[in-house]
Amino acid sequence: SQQGEEDPQALSIQEGENATMNCSYKTSINNLQWYRQNSGRGLVHLILIRSNEREKHSGRLRVTLDTSKKSSSLLITASRAADTASYFCATGLPTGANSKLTFGKGITLSVRP
Amino acid sequence: DAGVIQSPRHEVTEMGQEVTLRCKPISGHNSLFWYRQTMMRGLELLIYFNNNVPIDDSGMPEDRFSAKMPNASFSTLKIQPSEPRDSAVYFCASSLNNEQFFGPGTRLTVL
């Protein structure tokens with residue numbers, strides 16, 4: 001299985017600190033994506049990084065991808081209480097557009113005000 | 001755009017009853033995905049469609065589950081007969097350029 005596995009399972013930090021979440025996967029991918037899920041809601045796409053990219057930024061988010069290690073990290077800088085949510089990495093197969101994604105079990109992030 | 005629309009938002013039914021979940025994807029998206037989420041098993045892909053055609057249904061648990069997409073703006077997921085172990089949140093998502101947009105989910109409780 002190429003399922004992404006996130007690490008740690010849970011993370012608790014103080015508002016203003018940076019949060020780093022990691023994801024590892026097992027097989028070749030076309031892209032890796034990060035999603036956020038607030039309690040009781042659907043998942044929301046945060047950022048997509050393609051297999052030929054190494055780093056990508058979006059606002060306070062920074063994602064890195066190391067295909068040699070089959071791993072990715074999501075950094076949220078200057079965290080806010082509103083960042084409290086579950087975060088999932090998802091991997092897409094190298095088989096063309098709109099192929100299925102395989103999601104990990106998620107990381108629960110708590111940001112204390 | 002209103003985003004992905006799912007109905008009902010909550011469904012409580014008794015074991016053995018038929019359950020039909022509905023999804024309206026975002027206009028212009030050509031892929032649609034059905035997921036199930038539980039605490040124990042996480043987020044599981046049940047089935048997905050490209051251009052209304054089922055591509056991969058290997059995640060459908062068993063014959064009690066069926067999904068259809070009669071046109072580009074509507075899909076259903078049916079469970080018949082339902083069982084308590086089907087209790088979960090069911091999400092529909094539509095996709096454009098690999099990015100998936102999720103609906104709010106249907107929370108299904110089978111008593």
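Treat the numbers as computed from the prediction; the structure is a model and nothing was measured.

### Description of the overall build of chain A
- The number of helices and strands found in chain A is zero helices and 11 strands.
- Whereas a compact globule of 113 residues would reach a radius of gyration of roughly 13 Å, chain A reaches 13 Å, a difference of no more than 12%.
- In terms of overall dimensions, chain A has a C-alpha envelope of 45 × 30 × 20 Å along the principal axes.
- A burial count over chain A gives 43% of its 113 residues as buried.
- In chain A, once contacts between residues fewer than 6 apart in sequence are set aside, the share between residues at least 24 apart is 55%.

### Brief notes about the confidence of the model for chain A
- In this model, chain A carries a mean pLDDT of 91, and residues with pLDDT of at least 70 account for 94%.
- Across chain A, the secondary-structure element scoring lowest on mean pLDDT is strand E1 (residues 5–7) of chain A, at 85, and the one scoring highest is strand E7 (residues 61–66) of chain A, at 98.

### Some remarks on the interface of chain B and chain A
- The interface is formed by 24 residues belonging to chain B together with 21 residues belonging to chain A.
- Across the interface of chain B and chain A, roughly 1,600 Å² is buried in total on both sides, 45% from carbon and sulfur atoms.
- For the chain B face of the interface with chain A, the top three residues by lost area are Leu 43, Asn 98 and Phe 102 of chain B, together amounting to 35%.
- At the boundary of chain B and chain A, one finds one salt bridge.
- Where Asp 56 of chain B meets Lys 100 of chain A, a salt bridge forms, and the shortest distance between an N and an O atom there is 2.7 Å.
- Remark: the boundary between chain B and chain A carries five residue pairs in polar contact (both at pLDDT 80 or more).
- The set of elements that each furnish at least two residues to the side of chain B that touches chain A consists of strand E4 (31–38), strand E5 (42–50), strand E9 (88–96) and strand E10 (99–102) of chain B.

### Considering the sheet that holds E7 of chain A
All names here are of chain A.
- Spatially, five strands are ordered E1-E3-E8-E7-E6 in an open sheet, and the strand pairing comes out antiparallel. Each having just a single partner strand, E1 and strand E6 (55–58) make up the two edges of the open sheet. Taking the axes of each pair of neighbouring strands and ignoring which way they run, one obtains an average angle of 20° across the sheet.
- Note: strand E3 (residues 19–24) against strand E8 (residues 71–76), six bridges, orientation antiparallel.

### Looking at the state of the cysteines
- Per the counting criterion, the structure on display carries two disulfides over all chains.
- Each disulfide pairs two cysteine sulfurs, and for Cys 23 of chain A the partner residue is Cys 89 of chain A, the sulfurs being separated by 2.0 Å. Disulfide Cys 23 of chain A-Cys 89 of chain A: torsion about the S-S bond near 60°, hence right-handed. One end of the pair, Cys 23 of chain A, is in strand E3; the other, Cys 89 of chain A, is in strand E9 (residues 85–92), and 66 residues separate them in sequence. Judged on exposure class, the residue Cys 23 of chain A and its partner Cys 89 of chain A are both buried.
- With a sulfur-sulfur separation of 1.9 Å, Cys 23 of chain B is cross-linked through a disulfide to Cys 92 of chain B. Judged by the sign of its S-S torsion, about -65°, the bond between Cys 23 of chain B and Cys 92 of chain B is left-handed.

Conventions we followed
One numbering rule holds for all chains: residues counted from 1, following each sequence as written. Lettering for chains starts from A, numbering for ligands starts from 1, and both go in the order in which the items are written. Reporting in this predicted model follows two pLDDT cut-offs: at least 70 for local features of residues, and 80 or more for side-chain atom pairs to be given and counted; totals over whole chains, interfaces and linings ignore these cut-offs and use all residues. No hydrogens and no water enter the side-chain calculation; it runs on all heavy atoms of the structure. Under the scheme used here, helices are H or I runs from DSSP no shorter than 4 residues and strands are E runs no shorter than 2 residues, and both carry numbers assigned from the N terminus. Atoms counted for the radius of gyration: C-alpha only. Globule rule: 2.2 Å times the number of residues to the power 0.38. Exposure categories follow from relative accessible area, calculated using a 1.4 Å probe and restricted to protein chains: below 20% of the type maximum is buried, above 50% is exposed, and the middle band is partly exposed. Whether two residues touch is decided by their heavy atoms; if any such pair falls within 4.5 Å, the residues are in contact. For every residue, the predictor states its confidence as a pLDDT score lying anywhere from 0 to 100. A quick way to say it: buried area is the sum, across both parts, of accessible area lost when two parts are put together, with a 1.4 Å probe. Take a side-chain nitrogen of Lys or Arg and a carboxyl oxygen of Asp or Glu: if they are within 4 Å of each other, that pair is a salt bridge. Between N or O atoms, a polar contact is any pair within 3.5 Å; within protein, one atom must be a potential hydrogen donor and the other a potential acceptor, and residues adjacent in sequence are included only when both atoms are from side chains. A pair of strands is considered paired only if DSSP assigns at least 2 bridges between the two. Note on definitions: angles span 0 to 180 degrees between N-to-C directions of axes, and those axes are lines fitted to C-alpha atoms, for helices only across the stretch in contact. Put simply, a disulfide is two cysteine sulfurs that come within 2.5 Å.

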